[in-house]
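What follows is each chain in one-letter form.
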2 protein chains.
Amino acid sequence: MKDIEIIARDFFGGEDLARCGGGHTICLHCAKCRADENDELFDEAKGIAAHIDATLLKAEAAHSDVSALCHTANKYQTASVCINSYYIPQIKNELDESIKSCTVVNFPLGAGSRLAVKKEARAVLEAGVDEVDMVQNLAAFKSKDWDMVIETIKAVAIQCIEYKKLLKVILETCYLNRDEIILSCLIAKKAGAKYVKTSTGFGSAGARVEDIVVMREVVGPKFGVKASGGIRDAQSAKAMLEAGASRIGASSVEALLTVKTS
Amino acid sequence: MKDIEIIARDFFGGEDLARCGGGHTICLHCAKCRADENDELFDEAKGIAAHIDATLLKAEAAHSDVSALCHTANKYQTASVCINSYYIPQIKNELDESIKSCTVVNFPLGAGSRLAVKKEARAVLEAGVDEVDMVQNLAAFKSKDWDMVIETIKAVAIQCIEYKKLLKVILETCYLNRDEIILSCLIAKKAGAKYVKTSTGFGSAGARVEDIVVMREVVGPKFGVKASGGIRDAQSAKAMLEAGASRIGASSVEALLTVKTS
């Protein structure tokens, strides 16, 4: 398996890569430089709830389920509530102002055309969402259609930067090996996202601690890492956060908070 | 359980419903009247292949998998090839002119906002696709947000009518009871679609013969019924077609053709 720096130099070309002030080993001349931004790391003093994206993305969810999730999010003050875009108006109405609204784009298959993904992102930003979790074009990635992978993320990233909203890129790590995870993280950074995220929750597996470790190693401290998929208890959540995650995506918020961790 | 006509009159109001020339028991004053259109029924003389939408919607599909599917579709002359929108240019390039290109919208969760679905549909129509399989807003349906269910379909239907392309509405029947399936069919018709389809293939179950029977009963002969999800052999395909389906969505095309049925 290759070293992160070798993968970066192989892919982006070695000549114009240099150390930058963004806390990265290698400068990728990202669409948005994060050198001056705050760290995006787990802060134990804030407690686990503040790092949770309370999530409900099931096809058969109804307004009452979303209301229950908002109630829980308000009670424990989670970072955000993440729902399908139909529910954006409802959560913006029901959440405390301190809690972000989050939705998904190109989800969960990650195989939408660049234009379809771009237009979908515009629609959710116009609806006023605070955070966008998009799936990278996994089909393009598997086919080594790199321009498409990068340009699809960039098409969303540019709009998120314009709206000053946070973009997370879902890698769907269950279908990727270590080198592919590294490359996906580099691409997400280069394209202007702010976070990488492991899983949709609809793939063959969810977050794994070893994937979080490598993702954090690639992106450095100025970039977020979200662990999602199959995290259902406090022990798993803590393991992910200690491995480098700064957000946890989970539907069972209370189960994640039942063991005192500090 | 209620009769189809009672559900229609309860929902759309009884006064302005009358028999129409579209082969329906009840006229819904649909967005697009089909009275003068041809029947959309299984034609045994054409053989089973001509009624198959050869389908590949897996997240981890690659160009080579799509090529193999196009090869099979060309060989057996299926009705269409149905892929995620990223692959539209590829299948338009690789398919015989006689075979339609088909993609999915608001797929598979059916919970996108009206604007997101509308924009996504525009993107795939601009990409030149012949057929659009959209998921009805299942979240809105479950929450009885009827205006949203209808308006989301209509937002896509109007564009498909403009582009002269075929719109199928996926009900995701595994999450619906009989009365809900009837109402979904009535709504899809009223909103201007041309087909109802059982399943995404990502829900808890796929097509069932009894659902096809009721769907065909509701929509009449001028409207299509597509059975999809879990249809993997000739016997199942034949059962669906005899029950009223006019299309079969399936990934294993050759398996559906291995028993001679006529």
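One structure accompanies this document, and this report is about it.

## Some details on the overall build of chain A
Stage number 1. Scanning chain A from terminus to terminus reveals 10 helices and eight strands.
Stage number 2. Taking 2.2 N^0.38 as the reference for a compact globule, 262 residues should give roughly 18 Å; the C-alpha atoms of chain A span a radius of gyration of 17 Å, in line with that estimate.
Stage number 3. Over its C-alpha atoms, taken along the principal directions, chain A stretches across nearly 55 × 40 × 35 Å.
Stage number 4. Across the 262 residues in chain A, those meeting the buried criterion constitute 58%.
Stage number 5. Contacts spanning at least 24 positions in sequence make up 69% of the contacts within chain A whose residues lie at least 6 apart.
Stage number 6. For chain A, the accessible area works out to roughly 10200 Å², and carbon and sulfur atoms hold 48% of it.
Stage number 7. Within chain A, one finds 33 positive and 35 negative side-chain charges whose respective centroids are separated by 2 Å.

## Considering the sheet that holds strand β1 (residues 52–56) of chain B
Residue and element names in this part refer to chain B.
Stage number 1. If you walk around this closed barrel you meet the eight strands as β1-β2-β3-β4-β5-β6-β7-β8, and the pairing is parallel. Recorded for the sheet is a direction-independent mean angle of 25° between the axes of neighbouring strands.
Stage number 2. Two strands pair when backbone bridges link them, and strand β5 (residues 166–170) and strand β6 (residues 195–197) are joined in this way by three bridges, in the parallel orientation. Within β6, the residue paired with K168 across the bridge is Y195.
Stage number 3. In the packing of helix α8 (residues 209–219) onto the sheet, the strands contacted are β6 and β7 (224–228), and the crossing angle to β7 comes to about 165°.

## Let's talk about the relation of the copies chain A and chain B
Stage number 1. With an RMSD of 0.0 Å, chain A superimposes on chain B once it is rotated by 180° and translated 0.0 Å along the axis. Interpreted geometrically, this transformation is the action of a two-fold axis.
Stage number 2. A shared interface surface links the copies, since 100% of the contact residues of chain A are contact residues in chain B too.

## So, the sheet that holds strand β6 (residues 195–197) of chain A
All names here are of chain A.
Stage number 1. Read around the barrel, eight strands follow the order β1-β2-β3-β4-β5-β6-β7-β8 and close on themselves; strand pairing throughout is parallel. The mean inter-strand angle of the sheet, taken between neighbouring strand axes irrespective of direction, is 25°.
Stage number 2. Of the pairings in the sheet, the one linking strand β2 (residues 80–83) to strand β3 (residues 100–105) comprises four bridges and is parallel in character. Opposite S80, over in β3, you have K100 as the bridge partner.

## Considerations on the interface of chain A and chain B
Stage number 1. Taken together, the 33 residues of chain A in the interface contact 33 residues of chain B.
Stage number 2. Three residues stand out in chain A for area buried against chain B, namely A59, Y86 and L109 of chain A, and they jointly supply 26% of the buried area on that side.
Stage number 3. Connecting chain A to chain B are zero salt bridges.
Stage number 4. Taken together, chain A and chain B are joined by 10 residue pairs in polar contact (both at pLDDT 80 or more).
Stage number 5. Those elements that provide at least two residues to the side of chain A that touches chain B are α4 (114–126) and α5 (138–142) of chain A.
Stage number 6. It is α4 of chain A that provides the largest number of residues to the side of chain A that touches chain B, a total of seven residues.

## Quick notes on the packing of aromatic side chains
Residue and element names in this part refer to chain A.
Stage number 1. In this structure the tally under the stated criterion is 10 aromatic pairs over all chains.
Stage number 2. On the basis of an interplanar angle of 85° and a centroid distance of 5.0 Å, the ring pair of F141 and W146 is categorised as edge-to-face.
Stage number 3. W146 gets classed as partly exposed once you look at its relative accessible area, which sits at 23%.
Stage number 4. An aromatic cluster of at least three residues, connected via ring pairs, comprises F11, F12, F141 and W146.

## Here's the deal with the nonpolar core
A general feature of soluble globular proteins is that nonpolar side chains tend to end up buried together.
Stage number 1. Formed by 172 residues in total, the largest nonpolar core has its most connected members in L167 and I248 of chain A together with L167 and I248 of chain B.
Stage number 2. Those residues in contact with L167 of chain B, other than ones at most four positions away along the chain, are V132, M134, I153, V156, A157, C160, A193, K194 and Y195 of chain B.

## Comments concerning empty space enclosed by the protein
Stage number 1. Evaluated as defined, the whole model comprises one cavity of 30 Å³ or more.
Stage number 2. Considering only enclosed or pocket space, the largest cavity measures out at about 290 Å³ in volume.
Stage number 3. Around the largest cavity, the lining is made up of 25 residues, and of these N106, F107 and E120 of chain A together with F107 and E120 of chain B lie nearest the centre.
Stage number 4. Secondary structure elements with two or more residues in the lining of the largest cavity: α4 of chain A together with α4 (114–126) of chain B.
Stage number 5. Within the lining of the largest cavity, the residues separate by chemical class into 13 nonpolar, 10 polar and two charged.

Procedures and definitions
Residues numbered from 1 in each chain as written. Chains lettered and ligands numbered in written order. Predicted model: local features only at pLDDT ≥ 70, side-chain atom pairs only at ≥ 80, totals over all residues. Heavy atoms only, no water. Helix = DSSP H or I, 4+ residues; strand = E, 2+ residues; numbered from the N terminus. Rg over C-alpha atoms; globule rule 2.2 N^0.38 Å. Buried < 20%, exposed > 50% of the residue type's maximum accessible area, 1.4 Å probe, protein only. Contact = heavy atoms within 4.5 Å. Areas by Shrake-Rupley, 256 points an atom, 1.4 Å probe, with all protein chains shown as cover. Lys, Arg positive; Asp, Glu negative; His and termini not counted. Charge placed at Lys NZ, Arg CZ, Asp CG, Glu CD. Pairing = 2+ DSSP bridges. Axes fitted to C-alpha atoms, helices over the stretch in contact; angles between N-to-C directions. Least-squares fit on C-alpha atoms with pLDDT ≥ 70 in both. Buried area = accessible area lost by both parts, 1.4 Å probe. Salt bridge = Lys/Arg side-chain N within 4 Å of Asp/Glu carboxyl O. Polar contact = N/O pair within 3.5 Å; in protein donor to acceptor, adjacent residues only side chain to side chain. Phe/Tyr/Trp six-rings, centres within 6.5 Å; stacked < 30°, edge-to-face > 60°. Core = buried A, V, L, I, M, F, W, Y, C linked by side-chain atoms within 4.5 Å. 1 Å grid on protein atoms, 1.4 Å probe; cavity = no way out; pocket = protein on both sides within 12 Å on 5 of 7 lines; lining within 4 Å. Points joined across faces, edges and corners; volume = space filled by probe spheres on them. Nonpolar A, V, L, I, M, F, W, Y, C, P; charged D, E, K, R; others polar.

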